[in-house]
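# Architecture at a glance
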Amino acid sequence: MNDRPRSRRAAPRSESPTGELTLELRLQSRRWREVGDLRPRIEAAIGAALALARLQPLAGAELSLLLTDDKRIRAVNREWRGFDKPTNVLSFPAAPPERIAMSPVLGDIVLAFETLVREAEAEEKSLGDHLSHLVIHGLLHLLGEDHETEAEAQRMEAMETAALARLGIADPYAGSDPHPTQPPPAAASRKKQFSPAP
């Protein structure tokens, strides 16, 4: 993302606990401060996703994580994807899958606070657990995973579930058929939960 919005206060860059990525964490909404263990939770989610990813980034590659609000993510979603509505997570890979291991920049993940809160409440899960899930989801997109086909979706959901289990977080897909032949309305809304990377 070239013309991405810059936050007023950027957190200092830090190495993730795995030592594999340099994390640039930026807050555009003060509401994110309501998540008390924000940075450790994000770093743990990154580590869990990296441990299971089929493709690995260049050591020290930069990952930019922008924590924003519905208004700002709506503008980004409209500009980059043509959808004039807020969404929970957007991923912008800096390199195609075949170049991930050589790219000094992995990409950008953008998350919207209000959307995450609404989803967490509707799904009766903690905001922190939902945040961890979406960080993992966004990072897997940057690492070449997708969910455009049923096979891709099954593989990606299995990776997300396994990464979350490493963090002691329950399977977010448990109790639902993730790939029904004809999705009922509730399943259709679950499928809209994540926005594919462009």
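Note that this is a predicted model, so its numbers are computed, not measured.

### Considering the packing of aromatic side chains
Tallied over the full model, the rule gives two aromatic pairs. Here W32 and F113 contribute two aromatic rings whose centre-to-centre distance is 5.1 Å and whose plane-to-plane angle is 80°, an arrangement assigned as edge-to-face. One end of the pair, W32, is in the loop between β3 (21-27) and α1 (38-52); the other, F113, is in helix α3 (residues 113-122), with 81 residues separating them in the sequence. F113 matches W32 in its accessibility class, with the two residues each being buried. With a centroid separation of 5.8 Å and 70° between ring planes, the pair formed by W80 and F92 is classed as edge-to-face.

### Focus on the packing of α1 against helix α5 (residues 150-166)
Each packed pair of helices is defined by two parameters, the angle between the axes and the distance between the axes. Running from N to C, α1 and α5 point in directions that differ by 130°, and their axes come no closer than 9 Å. As the angle between them shows, α1 and α5 are arranged oblique. Crossing hand, α1 versus α5: right-handed. For the pair α1 and α5, contact is made by A48, A49, A51 and L52 and by M159, A162, A163 and R166, respectively. Split into classes, the residues belonging to the contact of α1 with α5 amount to seven nonpolar, no polar and one charged.

### Describing α3
Residues lying three or four places apart along an α-helix face the same way, a consequence of the helix completing one turn every 3.6 residues. Among all positions in α3, only F113, T115, L116, V117, E119 and A120 are buried. If you follow the buried residues of α3, they end up packed against β4 (61-68), α2 (70-81), β6 (105-112) and α4 (127-142). One or two residues past the end of α3 sits E124, with phi positive at roughly 55°.

### Quick look at the environment of L131
Relative to the helices and strands, L131 is located in helix α4. As for L131 and A45, which are separated by 86 residues in sequence, their C-alpha atoms are 8.8 Å apart. In contact with L131, not counting residues within four places along its chain, are W32, V35, L38, R41, I42, L111 and L116.

### Examining the side chain of D69
Summarising the element assignment, D69 is placed in the loop between β4 and α2. According to the relative accessible area criterion, D69 is buried, its value standing at 13%. Within the structure, D69 has its side chain in polar contact with the backbone nitrogen of R72 (distance 2.8 Å). If near-sequence neighbours (up to four positions away) are discounted, D69 is found in contact with S29, A112, F113 and E114.

What counts, and at which threshold
Within every chain, residues take consecutive numbers counted from 1 along the sequence as written. In keeping with the predicted nature of the model, local features appear solely for residues at pLDDT of at least 70, side-chain atom pairs appear and are counted solely at 80 or more, and the whole-chain, interface and lining totals rest on all residues. With hydrogens and water excluded, all non-hydrogen atoms of the structure serve as input to the side-chain values. Stacked, edge-to-face and tilted are the three classes for Phe, Tyr and Trp ring pairs, Trp counted by its six-membered ring, which pair at centre distances within 6.5 Å; planes under 30 degrees apart are stacked, over 60 edge-to-face, the rest tilted. Each helix is a run of DSSP H or I of at least 4 residues and each strand a run of E of at least 2, with the numbering of both proceeding from the N terminus. Between buried and exposed lies partly exposed: a residue is buried under 20% and exposed over 50% of the maximum accessible area for its type, with that area taken using a 1.4 Å probe on protein chains only. Lines fitted to the C-alpha atoms define the axes, with helices restricted to the stretch that makes contact. Angles between their N-to-C directions range from 0 to 180 degrees. The labels follow the angle: roughly parallel below 35 degrees, roughly antiparallel above 145, roughly perpendicular from 65 to 115, and oblique for the rest. By convention, the crossing between two helices is left-handed when the near helix turns anticlockwise from the far helix through less than a right angle, and right-handed when the turn is clockwise. In what follows, residue pairs with any heavy atoms lying within 4.5 Å of each other are defined as contacts. Here the term charged refers only to Asp, Glu, Lys and Arg, the term nonpolar to Ala, Val, Leu, Ile, Met, Phe, Trp, Tyr, Cys and Pro, and the term polar to all other amino acids, Gly among them. For the purposes of these results, a polar contact is taken to be a pair of N or O atoms within 3.5 Å, where, inside protein, one atom must be able to donate a hydrogen and its partner to accept one; residues adjacent in sequence count only when each atom of the pair is a side-chain atom.

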